[in-house]
Amino acid sequence: MALAQRLALKGVELREVDAGDARLLGAAAVRLHADAQTVEALANTLANEGLADLTDVSRSDDVAIASDGSFVLARPLDEKVHRWDLREERPDVSVPDFKVSSVDQMAMSADGRAVVTAEDFDGVTLWDLGERKRPRKVVFLPLGESFDEIVLSRDGTTALIAYDDLSDDLNIVIVEVWDFRRLSHPARRSTLKVPGDFLYNIAISADGKTAVVVGGEGFLVWDLTDLAHPAELYADDQGEESVALSPDGRRAVFGTGNAAEVWDLSDRTKPVRVATMGGEFHDVFAVAMARKGDLVLTADYRGRAILWDLSEPSRPVRLAALKTGVRAVHAVALSDDGRTAVMGSAWSGPRVWDLSHVGQDPLKSVCRRGEYVIPREFWDRYTDGQGSAYADGDGDFRPCDGVLAR
């Protein structure tokens, strides 16, 4: 146990210097003694060795990622939207090709074809990214409001546009429901009124039939099956701060002041909280969910970001902590398969993680990448000669022997 913990700590120290050695030492530690510390250390090593910074901008207040993980959008506050193609040899170079001078809110459909940008007290622009190299401006909606949030359904056909109701003395946030099925002729179908003087977040299911709005006085669940006649199904006043919905709208993850909560929305009129994902969180303002709803990324206002496995919603499993390197995370997004994550912050440009090798069993994840052997000289150096009892006849250590067969 003592040797395993020492190797795990050394692996953590080497993450920034030699990712390969850090991975080997982490795997050796788990093979010698798999406990919470060694397993978490290896999981974090695997998650963060796939980290890459997308430079070109100094801040990224909002981010979005295409469903296939091929490209990322980021929006620095009051600036243009930037786009990075992750398939390029140098994905760190962005292209500010949305011809709008000052963007305050943005949203993107899952396939990356439809993008909506908003400028406070000016209006909303709908873009067609059918040709990735040249976004085409489809239509401009002259909405002279101060926008709080914009979301698009997965297919880009339904949009929710929220803004402050400055003409009313009551504490109300307006959420307009727009039909974008005809891109060149969007139509406003209805208006939702959310109590409170501010709005944190909105989520919409993939089919566009369920919306969850998180405001200053709790969250609301709406049925949008008939866009012209939305129905409020449920209201809660527990103080949530962010939300992500599974594609079928049956599961929601809320960020709160000190945790993240998993809710079952199978009966949208009676949502049930099924689990709480705790930790040292402080205002979880960013939540993202992968396509199947089984992977969730949560991040808070102190820069902590955690990846969770929700295969069993009532028993969330913490997979890894992502190194954000910032004081606060404002936005996160996940690709459909959960293999690519992106983070936005007012203190840095976007950070992107390749999470292909992150799973519930990090040692198996390592061993699937190859039959690793730690040579005798390497093994003796890092174990201070105390690892001979665990070596083979040649003095080598084989952390993967029999692991995949178990």
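Preceding this paragraph is the structure being described.
Let me sum up the structure you'll find in this document. What you are looking at is a predicted structure, and each value in this text was computed from that prediction instead of being measured.

Let's talk about helix H3 (residues 36–48)
At 3.6 residues per turn, the α-helix brings residues three or four places apart onto the same side.
Reasoning step 1: Counted at 1.5 Å a residue, the expected span for H3 with its 13 residues is 18 Å, and the 18 Å between its end C-alpha atoms agrees.
Reasoning step 2: Looking at the buried side of H3, the elements it contacts are helix H1 (2–13), helix H2 (19–32), strand E1 (51–53), strand E24 (317–322), strand E27 (348–354) and helix H4 (362–367).
Reasoning step 3: One side-chain oxygen at the N-terminal end of H3 lies 3.1 Å from the backbone nitrogen of Gln-37; it belongs to Asp-35.

Quick notes on the state of the cysteines
One covalent bond between the sulfur atoms of two cysteine residues makes up a disulfide.
Reasoning step 1: Overall, the coordinates contain one disulfide when judged by the stated rule.
Reasoning step 2: Bridging Cys-367 to Cys-400, the disulfide has an S-S length of 2.1 Å. On the sign convention where negative is left-handed, the bridge of Cys-367 and Cys-400, at about -90° about the S-S bond, is left-handed. Of the two residues, Cys-367 is situated in helix H4 and Cys-400 in the segment after helix H5 (376–383); the sequence distance between them amounts to 33 residues.
Reasoning step 3: Classification of Cys-367 by relative accessible area gives buried; the value is 3%.

Brief notes about the packing of H1 against H5
Reasoning step 1: Viewed as axis vectors pointing N to C, H1 and H5 meet at an angle of 100°, and their least axial separation amounts to 10 Å. The orientation of H1 relative to H5 falls into the category roughly perpendicular. Residue-level inspection shows Leu-3, Arg-6, Leu-7 and Lys-10 of H1 in contact with H5, the latter providing Trp-379, Tyr-382 and Thr-383.
Reasoning step 2: Taken together, the residues that form the contact of H1 with H5 break down as four nonpolar, one polar and two charged.

Considerations on the packing of aromatic side chains
Reasoning step 1: This model, assessed by the stated rule, comprises 10 aromatic pairs.
Reasoning step 2: For the pair Phe-198 and Tyr-200, a centre-to-centre distance of 5.0 Å together with 75° between the ring planes defines the contact as edge-to-face.
Reasoning step 3: Judged by relative accessible area, Phe-198 falls into the partly exposed class, the value being 34%.
Reasoning step 4: Relative to Trp-263, the ring of Phe-254 lies with its centre 5.9 Å away and its plane at 80°, an arrangement referred to as edge-to-face.
Reasoning step 5: What makes Phe-254 buried here is its relative accessible area of 0%.

Remarks on the nonpolar core
Reasoning step 1: Ranked by internal contacts, the top residues of the largest apolar core, which has 22 residues, are Leu-297, Leu-322, Val-329, Val-332, Leu-334, Leu-355 and Val-358.
Reasoning step 2: Elements that contribute at least two residues to this core include exactly H3, strand E21 (286–289), strand E22 (295–299), strand E23 (305–309), E24, strand E25 (331–334) and strand E26 (340–345).
Reasoning step 3: What Val-358 contacts, discounting residues up to four positions off in sequence, is Leu-46, Ala-47, Leu-307, Leu-319, Ala-320 and Ser-365.
Reasoning step 4: Counting 19 residues, the second-largest nonpolar core is a separate cluster that includes Ala-107, Leu-143, Ala-159 and Phe-180.

Observations regarding the pattern of salt bridges
Reasoning step 1: In the structure shown here, the tally under the stated rule is 18 salt bridges.
Reasoning step 2: Between Arg-23 and Glu-49 there is a salt bridge, with the nearest N and O atoms lying 3.2 Å from each other. Here Arg-23, found in helix H2, pairs with Glu-49, found in the loop between H3 and E1; they are 26 residues apart in sequence, far enough to count as distant.
Reasoning step 3: Judged by relative accessible area, Arg-23 falls into the buried class, the value being 13%.
Reasoning step 4: Since its relative accessible area comes to 26%, Glu-49 is described here as partly exposed.

Quick look at a negative patch on the surface
Reasoning step 1: Side chains of Asp-111, Asp-155, Asp-207 and Asp-248 sit close together on the surface and give a patch of like negative charge.
Reasoning step 2: Checked against the element boundaries, Asp-111 lands in the loop between strand E5 (105–108) and strand E6 (114–119).

Structural notes on unusual backbone geometry
If a residue is not glycine, its phi is most likely negative; likewise, a peptide bond is most likely trans.
Reasoning step 1: Despite not being glycine, Phe-121 has its phi angle at roughly 60°, a positive value.
Reasoning step 2: Looking at the element boundaries, Phe-121 is found in the loop between E6 and strand E7 (123–128).
Reasoning step 3: Positioned with a positive phi, Asp-283 is a non-glycine residue whose angle comes to about 60°.
Reasoning step 4: Tracing the chain through its elements places Asp-283 in the loop between strand E20 (272–277) and E21.

What counts, and at which threshold
Residues numbered from 1 in each chain as written. Predicted model: local features only at pLDDT ≥ 70, side-chain atom pairs only at ≥ 80, totals over all residues. Heavy atoms only, no water. Helix = DSSP H or I, 4+ residues; strand = E, 2+ residues; numbered from the N terminus. Expected span 1.5 Å × (residues − 1). Contact = heavy atoms within 4.5 Å. Polar contact = N/O pair within 3.5 Å; in protein donor to acceptor, adjacent residues only side chain to side chain. Disulfide = S-S within 2.5 Å. Buried < 20%, exposed > 50% of the residue type's maximum accessible area, 1.4 Å probe, protein only. Axes fitted to C-alpha atoms, helices over the stretch in contact; angles between N-to-C directions. Parallel < 35°, antiparallel > 145°, perpendicular 65-115°, else oblique. Nonpolar A, V, L, I, M, F, W, Y, C, P; charged D, E, K, R; others polar. Phe/Tyr/Trp six-rings, centres within 6.5 Å; stacked < 30°, edge-to-face > 60°. Core = buried A, V, L, I, M, F, W, Y, C linked by side-chain atoms within 4.5 Å. Salt bridge = Lys/Arg side-chain N within 4 Å of Asp/Glu carboxyl O. Patch = residues over 30% accessible without salt bridge, like charges linked within 9 Å, V, L, I, M, F, W, Y side chains within 5 Å. Areas by Shrake-Rupley, 256 points an atom, 1.4 Å probe, with all protein chains shown as cover. Lys, Arg positive; Asp, Glu negative; His and termini not counted. Charge placed at Lys NZ, Arg CZ, Asp CG, Glu CD.

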